[in-house]
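Examining the three-dimensional arrangement
Chain by chain, the residues run as shown.
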Amino acid sequence: MMIDLTDTKSSKINAALVEARRGMGSPTLGMVLTLVIVTDEANQYDAMKAAGEAAREHPSRILVVIGRPGQEISPRLDAEVRVGDSGVGETVLLRMHGELANHAESVVLPLLLPDAPVVVWWPGRAPEVPSKDLLGALATRRVTDAAAPPRRADVLRLRASAYTPGDTDLAWTRTTPWRSLLAAALDQKYSRILSAKVGAKAGNPSAELLALWLTDRLGVDVERVETGGPGITSVTLVTKDGEIVIDRPDGMMASLSSPGQPDRVVALKRREASDLVAEELRRLDPDDVYAATLARAALEAARDPSPGSFTETPVSQTPVADVQKAEEGEAPKARVTKDLGTAPVVKRTSSAAATKPASTREAVAKKAAPRAPRKKKGDNA
């Protein structure tokens, strides 16, 4: 059942939810949490689909907040109430126009399930400090995605400097199968680990988090190797007895090889957003391992401010307001931000890199050096 409400308010939305439940023949609530999704029109369909699939495992009330700010637009709230269309639970699509978009918490607060946890998810652009956001302050758990556009080169340092218990990131969630497989491989008898390597496509924050996790847990240097992807392609642990290698070149199946053991083929498929969100909804307590990994990122950044080998030039760092002004014909204002940098790199390696011998470099440098001008007769300068 779907109910459209135009120029409405929270009390009418609550009444529509009760009416829809009665119409569906289920007047009682069976939901365990409220999931608030803060997104835009371009990404709302994919976010709602992922949340709806995750709600099959975690029945919840899903509130999708779409802001359309603008001083020339009169404040208005439009809503779509959906009950029983897909998944388990309720979905309310909230479109806030004008000044109301800057006060979304006043609309969302009356719609939260009583005595139930609140999770806020930003599928795209997220606030720099999620816990200080007006919607984030209502949440038990705050979910961001460092891999979502526009990507920032300093995103991990930003997450580390703004971390508050309850924060998490889907880039970290994507590393769960890798961490589980590595932990299982190390449960077997092995000698002391000397070093490690992580291969991934450039600009992959999950690979950087995995490398930082290995550094924090094993206390070894981790070399970053750029590959063609997709995502993380390999992890190698170097021991005295040989190498423990997990290789996943196609994003689907991986091979695990360990010293003295036969090679094994394991399923290591890249997961959809619905699976990532469902995993994050399974536990609502603070993730201490994620916090320790971010602390390692901050420590490494303090030692070496150079950019990491997995980072890439961000697509855009222009605030939403500046983008709107640019569309209206005004030049966007320059934004001054604190340079937080990215996690440093212990070693940088590229699978396609090639270096020239020293003799060739010396010959090129000698050829490129400027020659001194010839002296003319009588010139004593």
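Residues numbered from 1 in each chain as written. Predicted model: local features only at pLDDT ≥ 70, side-chain atom pairs only at ≥ 80, totals over all residues. Heavy atoms only, no water.

**Things to note about the pattern of salt bridges**
Enumeration according to the criterion identifies 20 salt bridges in this entry. The residue Asp 154 makes a salt bridge to Arg 152 at a minimum N-O spacing of 2.9 Å. Judged on exposure class, the residue Asp 154 and its partner Arg 152 are both buried. One salt bridge in this structure joins Glu 208 and Arg 224, with 2.8 Å as the shortest N-O distance. Residue Glu 208 is found in helix α7 (residues 205-218), and its partner Arg 224 is found in strand β10 (residues 222-227); the two are separated by 16 residues along the sequence. By relative accessible area, Glu 208 is classed as buried at 5%. In this structure, a network of salt bridges that share partners links the residues Glu 41, Arg 68, Glu 80, Arg 82 and Arg 95. (Salt bridge = Lys/Arg side-chain N within 4 Å of Asp/Glu carboxyl O. Buried < 20%, exposed > 50% of the residue type's maximum accessible area, 1.4 Å probe, protein only. Helix = DSSP H or I, 4+ residues; strand = E, 2+ residues; numbered from the N terminus.)

**Points about the packing of aromatic side chains**
Scanning the model with the defined rule gives two aromatic pairs in all. Ring plane angle 70 degrees and centroid distance 6.0 Å describe the contact between Tyr 163 and Tyr 290, whose orientation is recorded as edge-to-face. Separated by 127 residues along the polypeptide, Tyr 163 in the loop between α4 (155-161) and β8 (167-169) and Tyr 290 in helix α9 (residues 288-303) bring together distant segments of the chain. An angle of 45 degrees between the planes, with centres 5.6 Å apart, marks the rings of Trp 172 and Tyr 290 as tilted. On the criterion of sequence distance, the pair formed by Trp 172 in helix α5 (residues 170-173) and Tyr 290 in helix α9 is long-range, its members being 118 residues apart. Residues Trp 172 and Tyr 290 agree in their burial class; the two are buried. Following the ring pairs from residue to residue traces out a cluster consisting of Tyr 163, Trp 172 and Tyr 290. (Phe/Tyr/Trp six-rings, centres within 6.5 Å; stacked < 30°, edge-to-face > 60°.)

**Some details on helix α1 (residues 10-23)**
For α1, with 14 residues, the first-to-last C-alpha span of 20 Å sits near the 20 Å given by 1.5 Å per residue. Those residues of α1 that sit buried are Ser 10, Ile 13, Ala 16, Leu 17, Ala 20 and Arg 21. All buried residues of α1 lie within an arc of 135 degrees about the axis, which places them on one face of the element. Facing away from the buried side of α1 by more than 90 degrees, the exposed set consists of Glu 19, Arg 22 and Gly 23. Backbone geometry just downstream of α1 places Gly 25 in the positive-phi region, at approximately 80 degrees. (Expected span 1.5 Å × (residues − 1). Arc of directions from axis to C-beta.)

**Quick look at the sheet that holds strand β4 (residues 76-83)**
Spatially, eight strands are ordered β1-β4-β5-β3-β2-β6-β7-β8 in an open sheet, and the strand pairing comes out mixed. Taken across any chain shown, the strands that pair with only one partner, and hence form the sheet edges, are β1 (2-5) and β8. Between one strand axis and the next, the sheet turns through 15 degrees on average, direction left out of account. (Pairing = 2+ DSSP bridges. Axes fitted to C-alpha atoms, helices over the stretch in contact; angles between N-to-C directions.)

**A short note on the pairing of strand β9 (residues 193-201)**
As paired strands, β9 and strand β11 (residues 232-239) are joined by seven bridges and run antiparallel to one another. Considered in β11, the bridge of Ala 200 is made with Ile 232. Sheet topology places β9 next to β10; six bridges connect them, and they run parallel. Counterpart to Ala 196 in the pairing with β10 is Val 222.

**Overview of the nonpolar core**
Core analysis: the biggest nonpolar cluster contains 36 residues, and Leu 182, Val 198, Leu 214, Val 235, Leu 237 and Ile 246 have the highest contact counts within it. Of all the elements, α7 adds the most residues to this core, at seven residues. Setting aside anything within four residues of it in sequence, one finds Ile 246 in contact with Trp 178, Leu 181, Leu 182, Thr 233, Ser 234, Val 235, Ala 254, Ser 255, Leu 256 and Leu 268. One finds Ala 16, Leu 17, Ala 20 and Ala 101 within the second-largest nonpolar core, a separate group that totals 29 residues. (Core = buried A, V, L, I, M, F, W, Y, C linked by side-chain atoms within 4.5 Å. Contact = heavy atoms within 4.5 Å.)

**Here's the deal with the pairing of β11**
With seven of eight residues buried, β11 is to be regarded as a mostly interior element. Once β11 ends, the chain turns through two residues before running back antiparallel as strand β12 (residues 242-247).

**So, the side chain of Thr 39**
As for its position among the elements, Thr 39 is in strand β2 (residues 33-39). Dropping the residues within four chain positions of it, Thr 39 is found in contact with Gln 44, Val 64, Val 65, Ile 66, Gly 67 and Pro 123.

**A look at the confidence of the model for the chain**
For the chain, per-residue confidence averages 82 on the pLDDT scale, and 78% of positions sit at 70 or higher. Counted against residues more than four places away or in other chains, residues 311-348, with its pLDDT under 50, gives 70 contacts. The model gives residues 350-381 a pLDDT under 50, and that stretch makes five contacts with residues more than four places away or in other chains. (pLDDT = per-residue confidence, 0-100.)

**Description of the packing of helix α6 (residues 176-186) against α7**
It is the contact of α6 with α7, at a shortest axis distance of 11 Å, that shows an interaxial angle of 35 degrees. For the pair α6 and α7, the sense of crossing is right-handed. Together, Trp 178, Arg 179, Leu 182 and Leu 186 of α6 and Leu 210, Trp 213, Leu 214 and Leu 218 of α7 make up the contact between the two elements. Tallied by class, residues from the contact of α6 with α7 come to seven nonpolar, no polar and one charged. (Left-handed = near helix turned anticlockwise from the far one by under 90°. Nonpolar A, V, L, I, M, F, W, Y, C, P; charged D, E, K, R; others polar.)

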